[in-house]
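Report on the structure
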Amino acid sequence: MSASLDASLDPMEEIRFRKKHGGLWAEIQKSTHFTFDELESKAHFRDVLHTGLGMTDSYMMERVMVALDRGTSPYVTMATFAKAMSLYLRGSLEERITYAFTCYDLLGEGYLRRETMYQLMKKSLAKASRDDDVEEAVKELVDIMLKRMDADLDGVINFNDFYVSVTKTPSLLESLGYCLPERPAVYAFVSTWCPAWKSM
């Protein structure tokens, strides 16, 4: 078994949890070809996001993984997996705004600086463009976004700036990089794995 289920758990809580569910894990492992470590591995979770939901940007995927569980553990808890799938498949606009801002604000500063925005947009545009002059284009886009989203004119985009801007113009949600699956991938995933669902 893995060294730790969840770094935020009290060690005694984790011991109780393992004791309570140890028998179930042993039974599941007998009837599958996976170890508990393999089932919990973040690498497998990334594969689900990549192949099942079309989230293929490796740079953003690093930010997504940290934003989802705010830890450096190589494991994904059941709670993290459930919350991620709920967000991706049925999340409200408000939930998606909070999540996207968290992905962009990886240091947890509560605002997006010009430099952060530049790095995020440069990574996105560099892949989509063959133009050698990407840097100037990115600088111009960052300036445009700051003018559009920085309501209090303090030179950074805080959560409130981001929230108000995206609520008015939802297309701005992933303006700094794709951190959510595209709708066709979500529809394909739901129709394949959750056919009984009436709505998303």
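Remember, predicted model here, so these are calculated numbers, not experimental data.

1. Brief notes about the overall build of the protein chain
- Each helix and strand counted, the protein chain has ten helices and two strands in total.
- Beginning at the N terminus, the succession of helices and strands in the protein chain can be written as α-α-α-α-α-α-β-α-α-β-α-α.
- Residues classed as buried in the protein chain amount to 36% of the 200 residues present.
- Counting only contacts in the protein chain whose residues sit at least 6 apart along the sequence, the fraction spanning at least 24 positions is 61%.
- Split by element, the accessible area of the protein chain, about 12,200 Å² in all, is 58% carbon and sulfur.

2. A few points about helix α5 (residues 78-90)
- With 13 residues, α5 should cover 18 Å at 1.5 Å per step; its first-to-last C-alpha distance of 18 Å lies within 8% of that length.
- Of all the positions in α5, only T80, A84, M85, L87, Y88 and L89 are classed as buried.

3. Notes on the nonpolar core
- Ranked by size, the top nonpolar core spans 44 residues in total, and within it L49, V64, Y88, Y99, Y104, F162 and C179 carry the most contacts.
- When contributions to this core are tallied by element, the ones reaching two or more residues are α3 (42-53), α4 (58-69), α5, α6 (93-104), α7 (114-128), α8 (134-149), α9 (159-168) and α10 (183-193).
- Residues within four places of Y104 in sequence aside, it is in contact with M60, R63, L112, T116, L120, F162, L173, E174, S175, L176, G177 and C179.

4. Quick look at unusual backbone geometry
- Even without being glycine, L153 reaches a positive phi, approximately 55 degrees.
- Along the chain, the position of L153 falls in the loop between α8 and β2 (157-158).

5. As for the packing of α5 against α10
- Interhelical geometry of α5 versus α10 gives an angle of 115 degrees and a closest axis separation of 10 Å. Here α10 runs roughly perpendicular to α5, going by the angle between their axes. When α5 is examined against α10, the residues M85, Y88 and L89 are found in contact with a partner set consisting of V186, F189 and V190.
- Split into classes, the residues belonging to the contact of α5 with α10 amount to six nonpolar, no polar and no charged.

Definitions and limits used
Residues numbered from 1 in each chain as written. Predicted model: local features only at pLDDT ≥ 70, side-chain atom pairs only at ≥ 80, totals over all residues. Heavy atoms only, no water. Helix = DSSP H or I, 4+ residues; strand = E, 2+ residues; numbered from the N terminus. Buried < 20%, exposed > 50% of the residue type's maximum accessible area, 1.4 Å probe, protein only. Contact = heavy atoms within 4.5 Å. Areas by Shrake-Rupley, 256 points an atom, 1.4 Å probe, with all protein chains shown as cover. Expected span 1.5 Å × (residues − 1). Core = buried A, V, L, I, M, F, W, Y, C linked by side-chain atoms within 4.5 Å. Axes fitted to C-alpha atoms, helices over the stretch in contact; angles between N-to-C directions. Parallel < 35°, antiparallel > 145°, perpendicular 65-115°, else oblique. Nonpolar A, V, L, I, M, F, W, Y, C, P; charged D, E, K, R; others polar.

Everything listed here is a matter of coordinates, which is why it stays silent on function.
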